[in-house]
Amino acid sequence: MVSALVFGLPASGRTSLVAALKAVGVDAREASADDLASRSEAAADAPMPCVVVTASARDGISAELADMWEAVAERYQPRVLVWTFSDVGRADDDDMRAIAERVLGEPSTAVALPLADDDDEFAGALDLRDWTITDAAGQRPADAEHREAAASLRDELIDAVLTVVDDEAALGQRMAGMEPSPARLRALVGQALRSGQFVPSMSIRATGAAIGVGVLADLLRSAD
């Protein structure tokens, strides 16, 4: 079973996310201060667990959260940045990535995008790896309108992954104007995440009708 540590400030939704991840088969737990300490020599060769950092779109990214992030980033620990409370927050997905880059000191790359319903409520997630939409109705392929609107962000995802993954075949394909298949892109994203040099980000809702949690769980499994 894939495991994950969940960091975040109080009231950032970290406890709810742990429960939601456990419900979909991820061995998640809230991280403690000890998890931020330097690893012992005995554990130095063991694979580092993936860290999920919850940042509230309602409250923003504080200096305390930035310090937590730095402690994880300086070890190149695999890490995912998730926006919680994006349905009630003051910042949207694009704004949060810009804020995160400014405060945390490194860019993050969208791996899934939040989708709104007719009432402009957070209602689903568009997985950029395979153009799949997940919402209350289940899963379905994204239509042409969604693909066109998100095309530039998917290009950013592909390029960010290929920057850190040593895959000459995939790079050659990209230079020839072609895209990796969904299965190949999923594997490349997992490999990039595992390297600790690529930071995927996405919005989630972990309470009630959960949104994005399944995509996050699949992302974590791809890096296992």
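For the structure given in this document, a descriptive report is provided here.

Rules behind the numbers
Residues numbered from 1 in each chain as written. Predicted model: local features only at pLDDT ≥ 70, side-chain atom pairs only at ≥ 80, totals over all residues. Heavy atoms only, no water. Salt bridge = Lys/Arg side-chain N within 4 Å of Asp/Glu carboxyl O. Helix = DSSP H or I, 4+ residues; strand = E, 2+ residues; numbered from the N terminus. Buried < 20%, exposed > 50% of the residue type's maximum accessible area, 1.4 Å probe, protein only. Core = buried A, V, L, I, M, F, W, Y, C linked by side-chain atoms within 4.5 Å. Contact = heavy atoms within 4.5 Å. Pairing = 2+ DSSP bridges. Axes fitted to C-alpha atoms, helices over the stretch in contact; angles between N-to-C directions. Parallel < 35°, antiparallel > 145°, perpendicular 65-115°, else oblique. Left-handed = near helix turned anticlockwise from the far one by under 90°. Nonpolar A, V, L, I, M, F, W, Y, C, P; charged D, E, K, R; others polar. Polar contact = N/O pair within 3.5 Å; in protein donor to acceptor, adjacent residues only side chain to side chain.

## Brief notes about the pattern of salt bridges
Okay, step 1: Per the counting criterion, the structure on display carries 14 salt bridges.
Okay, step 2: Put simply, Glu106 and Arg79 hold a salt bridge, and the shortest N to O gap is 3.0 Å. Within this pair, whereas Glu106 is found in the loop between helix 4 (93-104) and strand 5 (109-110), its partner Arg79 is found in strand 4 (residues 79-84), the two being separated by 27 residues in sequence.
Okay, step 3: Residue class for Glu106 comes out buried when judged on its relative accessible area of 18%.
Okay, step 4: As a salt-bridge pair, Arg129 and Asp127 come within 2.8 Å of each other at their nearest N and O atoms. This pair shows no difference in class: Arg129 is buried, exactly as Asp127 is.
Okay, step 5: A network of salt bridges, in which partner residues are shared, links Asp127, Arg129, Asp130, Arg186 and Asp218.

## With respect to the nonpolar core
Okay, step 1: Ranked by internal contacts, the top residues of the largest apolar core, which has 48 residues, are Leu17, Leu21, Leu126, Leu128, Leu216 and Leu220.
Okay, step 2: Mapped onto this core, the elements with two or more residues apiece are strand 1 (3-8), helix 1 (14-23), strand 3 (50-56), strand 4, strand 6 (112-116), helix 5 (144-164), helix 7 (182-195) and helix 8 (213-222).
Okay, step 3: Among the elements that line this core, the one with the most residues is helix 5, at seven residues.
Okay, step 4: With residues near it in sequence (within four places) discarded, Leu21 still touches Val6, Val26, Ala28, Val213, Leu216, Ala217 and Leu220.
Okay, step 5: Within the second largest apolar cluster, 21 residues are counted, among which are Val53, Leu65, Trp69 and Leu81.

## Thoughts on the sheet that holds strand 2 (residues 27-30)
Okay, step 1: Pairing in this open sheet of six strands is parallel, and the strands run 2-1-3-4-10-5 from one edge to the other. Each edge of the open sheet carries a strand with a single partner, namely strand 2 and strand 5.

## Section: unusual backbone geometry
Okay, step 1: Here Tyr76, not a glycine, exhibits a phi torsion of approximately 55°, which is positive.
Okay, step 2: Mapped onto the secondary structure, Tyr76 falls in the loop between helix 3 (63-73) and strand 4.
Okay, step 3: Judged by its relative accessible area of 52%, Tyr76 falls in the exposed class.

## Here we look at the packing of helix 5 against helix 6 (residues 168-175)
Okay, step 1: Remark: helix 5 packs on helix 6, axes separated minimally by 10 Å, with the N-to-C direction vectors making an angle of 140°. As summarised for this structure, helix 5 and helix 6 are arranged oblique, according to the angle between their axes. Considering how the two elements wind past one another, helix 5 and helix 6 form a crossing that is left-handed. Counted together, Asp155, Ile158, Asp159 and Leu162 of helix 5 and Ala170, Leu171 and Arg174 of helix 6 form the full contact between these two elements.
Okay, step 2: Per-class residue counts for the contact of helix 5 with helix 6 are four nonpolar, no polar and three charged.

## Notes on the side chain of Arg174
Okay, step 1: With respect to the element layout, Arg174 can be found in helix 6.
Okay, step 2: Polar contacts involving the side chain of Arg174 include one to the side chain of Asp155, which spans 3.3 Å.
Okay, step 3: Discounting residues that sit within four places of it in the chain, Arg174 has contacts with Asp155, Ile158, Asp159, Leu162 and Glu179.

## Quick notes on the pairing of strand 2
Okay, step 1: Looking at chain direction, strand 1 and strand 2 are connected through four bridges and run parallel. Bridge pairing links Val6 to Glu30 in strand 2.

## Let's talk about the environment of Arg140
Okay, step 1: In this fold, Arg140 is placed in strand 9 (residues 138-141).
Okay, step 2: Sequence-distant contacts of Arg140, defined by excluding residues within four places in its chain, comprise Trp131, Thr132, Ile133 and Asp135.
Okay, step 3: Here the side chain of Arg140 touches Asp135 through a polar contact of 2.5 Å, side chain to side chain.

## Comments concerning the pairing of strand 6
Okay, step 1: Here strand 6 runs beside strand 7 (residues 122-127); their pairing, made up of five bridges, is antiparallel. The partner of Pro114 across the bridge, within strand 7, is Ala125.
Okay, step 2: Where strand 6 hands over to strand 7, the hairpin turn is made up of five residues, of which Asp120 adopts a positive phi near 65°.

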